[in-house]
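Breakdown of the fold
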Amino acid sequence: MPAFERRFVTVGSRQVHYRRGGSGPAAVLLHASPLSSASLLPLAGALASRFTVIALDTPGYGLSDPLPVAEPRIADYADALVETLAALSLDRCVVYGFHTGAAIGLDLAARHPARVAAAVLEGVLVPTAEERADLLANYAPWFPPAWDGTHLIANWSRVRDMFVFWPWYRREAATRLAVAMPPTAVINDAVLDLLRAGEAYPLGYRAAFAYDAVPALAGLTVPATVVADPDDPLSAHLERLPALPPGVAAELLGPGRDSRIGDLLAAGAAGLPDAPPAPLAATLPGRVSRDITPTPAGQLLTRRVAAASGRPLVLLHASPGSSRSLEPLLLELGRTRPVIAFDTVGNGESDKPPWTTPTAADYADTIVAALDARGLDRVDLYGTHTGAMLAIETAVRHPDRIHRLVLDGVVSFDDEERDEILAHYLEPLEPVWDGGHLLRSWSVRRDSKLWWPWYRRTPDRHRPAPPPSVDALHRDVVEVLKSGETYALAYRVALGYPTRDRLLHVAARTLICATEHDVLGAYSEEAARLAPDAVARVVPADPAGLAEEVACFLDTGGY
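What you see is a predicted model, and the numbers here were worked out from it, not measured in a lab. (Residues numbered from 1 in each chain as written. Predicted model: local features only at pLDDT ≥ 70, side-chain atom pairs only at ≥ 80, totals over all residues. Heavy atoms only, no water.)

This part is about the overall build of the protein chain. Across its full length, the protein chain carries 19 helices and 16 strands. Overall size of the protein chain, expressed as C-alpha extent along the three principal axes, is 80 × 50 × 40 Å. Taking all 559 residues of the protein chain together, the buried fraction comes to 58%. Considering the protein chain, the positive charge centre built from 52 side chains and the negative charge centre built from 67 side chains are found 2 Å apart. (Helix = DSSP H or I, 4+ residues; strand = E, 2+ residues; numbered from the N terminus. Buried < 20%, exposed > 50% of the residue type's maximum accessible area, 1.4 Å probe, protein only. Lys, Arg positive; Asp, Glu negative; His and termini not counted. Charge placed at Lys NZ, Arg CZ, Asp CG, Glu CD.)

Turning to the side chain of Asn-188, a few remarks are in order. By the element assignment, Asn-188 lies in helix α6 (residues 184-197). Its relative accessible area of 9% is what places Asn-188 among the buried residues. In this structure the side chain of Asn-188 is engaged in a polar contact, spanning 2.8 Å, whose partner is the side chain of His-437. (Polar contact = N/O pair within 3.5 Å; in protein donor to acceptor, adjacent residues only side chain to side chain.)

The tendency in soluble globular proteins is for nonpolar side chains to be buried as a group. Counting 134 residues, the largest nonpolar core has Leu-56, Leu-407 and Tyr-425 as the members making the most contacts within it. Looking at which element gives the most residues to this core, the answer is helix α16 (residues 487-495), with eight residues. By size, the runner-up hydrophobic cluster in this structure holds 23 residues, among which are Leu-40, Ala-44, Val-94 and Val-120. (Core = buried A, V, L, I, M, F, W, Y, C linked by side-chain atoms within 4.5 Å.)

Here helix α9 (residues 257-269) contains 13 residues, and its C-alpha end-to-end distance of 18 Å stays within 8% of the 18 Å for a straight helix at 1.5 Å per residue. Considered for burial, the residues of α9 that qualify are Ile-261, Gly-262, Leu-264, Leu-265, Gly-268 and Ala-269. Relative to the axis of α9, the buried residues are bounded by an arc of 165 degrees and lie together on one face. Check the buried side of α9 and you find it contacts α1 (41-47), β5 (93-98), β6 (116-122), β7 (224-228) and β8 (248-252). (Expected span 1.5 Å × (residues − 1). Arc of directions from axis to C-beta. Contact = heavy atoms within 4.5 Å.)

Now for unusual backbone geometry. Residue Pro-167 is reached from Trp-166 by a cis peptide bond, and omega for that bond is -15 degrees. Looking at where Pro-167 falls in the secondary structure, it is placed in the loop between α5 (150-161) and α6. Note that the residue after Ser-319, namely Pro-320, is joined by a cis bond; omega there is -10 degrees.

The next thing to look at is the sheet that holds strand β9 (residues 289-295). Spatially, β9-β10-β12-β11-β13-β14-β15-β16 is the arrangement adopted by the eight strands of the open sheet, whose pairing is mixed. Strands with a single pairing partner mark the edges of an open sheet, and in this sheet they are β9 and β16 (534-539). Across the sheet, the mean angle separating the axes of adjacent strands is 25 degrees when strand polarity is ignored. Of the strand pairs in this sheet, β9 and strand β10 (residues 298-305) are connected by seven bridges, and their pairing is antiparallel. Note on β10: the bridge partner recorded for Thr-293 is Leu-300. (Pairing = 2+ DSSP bridges. Axes fitted to C-alpha atoms, helices over the stretch in contact; angles between N-to-C directions.)

And the structure:
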């Protein structure tokens, strides 16, 4: 498959995430609910030799910000799409949409025909009044997070049943689908997209179920083809279409589906200019903005807060998880300086790494490659837990790039501790057919908040901090699940890192700190004695208090 860049574009006060690849006129792809543009990559790859393919995450799905509307309609999504096309400098394009994406593409073509050269609409819903009411009432329930993690299994079962029954909640012989169960990875990706969308995931579904496609189809003035795969239950809705105007047709897809879609789009794209270059993602004032940083190891999801001036500060997150956990600290520190946080490669929303057994040097060099890609020369560097180990290695390998260093929670095990933790701490996260990996991840992450280490569940191993709320634990687990099987790579590097030896070679002025309840705080004083120019401190746990301590150190080098 051709390589696709991941990008963000800023549209007013929100950001839209998309994938872009290929060359030629623009073909905009719109996905189904509750998925993301990742679900369209196979089709995008097939089209990339003929088009500049732009696969968008619908607002509120994937990594795109939601619309500022409590209950958006398809018209709201279509109008938002017009704004996104304008931000991408796309005056006119061809459009493909699948299910919810087909409804959005149809409404775009019907109400904004000057924007659409041709449309291919796959899986257009034309329900009866009874079917519409049933779908709106039952199709998209929200399973709230539960302390035992069973909401994750409920979501897995629901997504799995989408491939077994139509609609999924009518589990009857008459509603069985005559299709093979997809690979476990496909179900896992769909569940993750649903979890990314969160409690608002039903919004796109409800908009699509409430949308009346019949008048829009009957009034189309641009070339369009309504298509369906024979295995799609909505293929039966081709027979429900109204009388179609000239230039609009209906077609049941056969073998060579992707090629046929490409032919239909190409017929409408004749005479369109090549897509313009992708714009840079503008920073939104007063909030965390996101973009993508390319490196040789993969594309890194990047969060940033841009101040007018000052030495940039780079934040490296703990394992498992992502830089989302650092957003409160980003906002606090971003009041006085530019602040950037990467999802380390293989974690969160960053690409999977090219390594199977990485070293700390691999991560450190990738961090510096990210600095290079962003045009950053010398920075201050903060790392917490795993991020602290990667920060040490970056400072040792690239001393000319690091001005001051903050290590929040230093891992420094003796040989026996290290060997035991490496043997027991990291549970596999490979998706399994029944969704059991979701419950395992939840249980491990929950217990890691209660005991240290999580597998030693005895009174003497209680963590002193209060247990997290169920909602906070859910957010934490979702970030871990995004990392998938690669979550353990950076963790393993950190747990086995020769901290004592490497601290001896840190040249930068260093703050070694931990909060009162951090179990790694026991190592701070020893670590500060080992580093040539370091001070140890206990720091507040709240983001504002921690930011004040970190900013004081970065600005003065001391207290």
